[in-house]
Amino acid sequence: MNPFTMMKDAKNMEKMMKPALEKFMREAGFVKKDEIEPLKRRIAELESEVSKLKG
């Protein structure tokens, strides 16, 4: 067994699997933390605006 060939094969497998894993995670509802934080802030802003309008 050639260790260099094994590493090359592992990198190729990673290249093939990464897009499939990312697609699965998106479809399953997983979200990256840096994607959800701005959304949380926006929700808080909208909630405060709504509470002011009800006020």
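What this report covers is the structure whose coordinates are included nearby. This is a predicted model, so every value here is computed, not measured. Here, residues in each chain are numbered from 1, in the same order as that chain's written sequence. In keeping with the predicted nature of the model, local features appear solely for residues at pLDDT of at least 70, side-chain atom pairs appear and are counted solely at 80 or more, and the whole-chain, interface and lining totals rest on all residues. Water and hydrogen atoms play no part in the side-chain values, which are based on all heavy atoms of the structure.

Some words on the overall build of the protein
Tallying secondary structure elements over the protein gives 2 helices and 0 strands in all. Between the two quantities, the radius of gyration covers C-alpha atoms and the globule rule is 2.2 Å times the number of residues to the power 0.38. What you see for the protein is a C-alpha radius of gyration of 21 Å, clearly larger than the 10 Å of a compact globule of 55 residues, by over 25%. The principal-axis extent of the C-alpha atoms belonging to the protein is close to 75 × 20 × 10 Å. Counting over 55 residues, the protein shows a buried share of 0%. Surface accessibility follows the Shrake-Rupley procedure with a 1.4 Å probe radius. Residue values consider only the protein chains on display as shielding. Summed over its atoms, the accessible surface of the protein is roughly 5700 Å², and 64% of this surface lies on carbon and sulfur atoms. Asp and Glu are treated as the negative residues and Lys and Arg as the positive ones, with His and the ends of the chain left uncounted. Charge positions come from single atoms, namely NZ of Lys, CZ of Arg, CG of Asp or CD of Glu. Computed over 13 positive and 10 negative side-chain charges, the inter-centroid distance for the protein is 2 Å. Going along the chain from the N terminus, every DSSP run of H or I of four or more residues is numbered as a helix, and every run of E of two or more is numbered as a strand. Burial classes: relative accessible area under 20% of the type maximum marks a residue as buried, over 50% as exposed, and values in between as partly exposed (1.4 Å probe, protein chains only).

Describing the pattern of salt bridges
Between Lys or Arg on one side and Asp or Glu on the other, a salt bridge is scored when a side-chain nitrogen of the former is within 4 Å of a carboxyl oxygen of the latter. Tallying each qualifying case throughout the model produces 3 salt bridges. Salt-bridge contacts for E37 lead to K40; the nearest nitrogen and oxygen are separated by 3.9 Å. Of this pair, E37 and K40 both sit in helix 2 (residues 33–54), separated by 3 residues, roughly a single helical turn. Exposure remark for K40: the relative accessible area of 46% places this residue in the partly exposed category. Between R42 and E45 there is a salt bridge, with the nearest N and O atoms lying 3.2 Å from each other. With a gap of 3 residues between them, R42 and E45 both fall in helix 2, about one helical turn apart. Given the relative accessible area of 41%, E45 is considered partly exposed.

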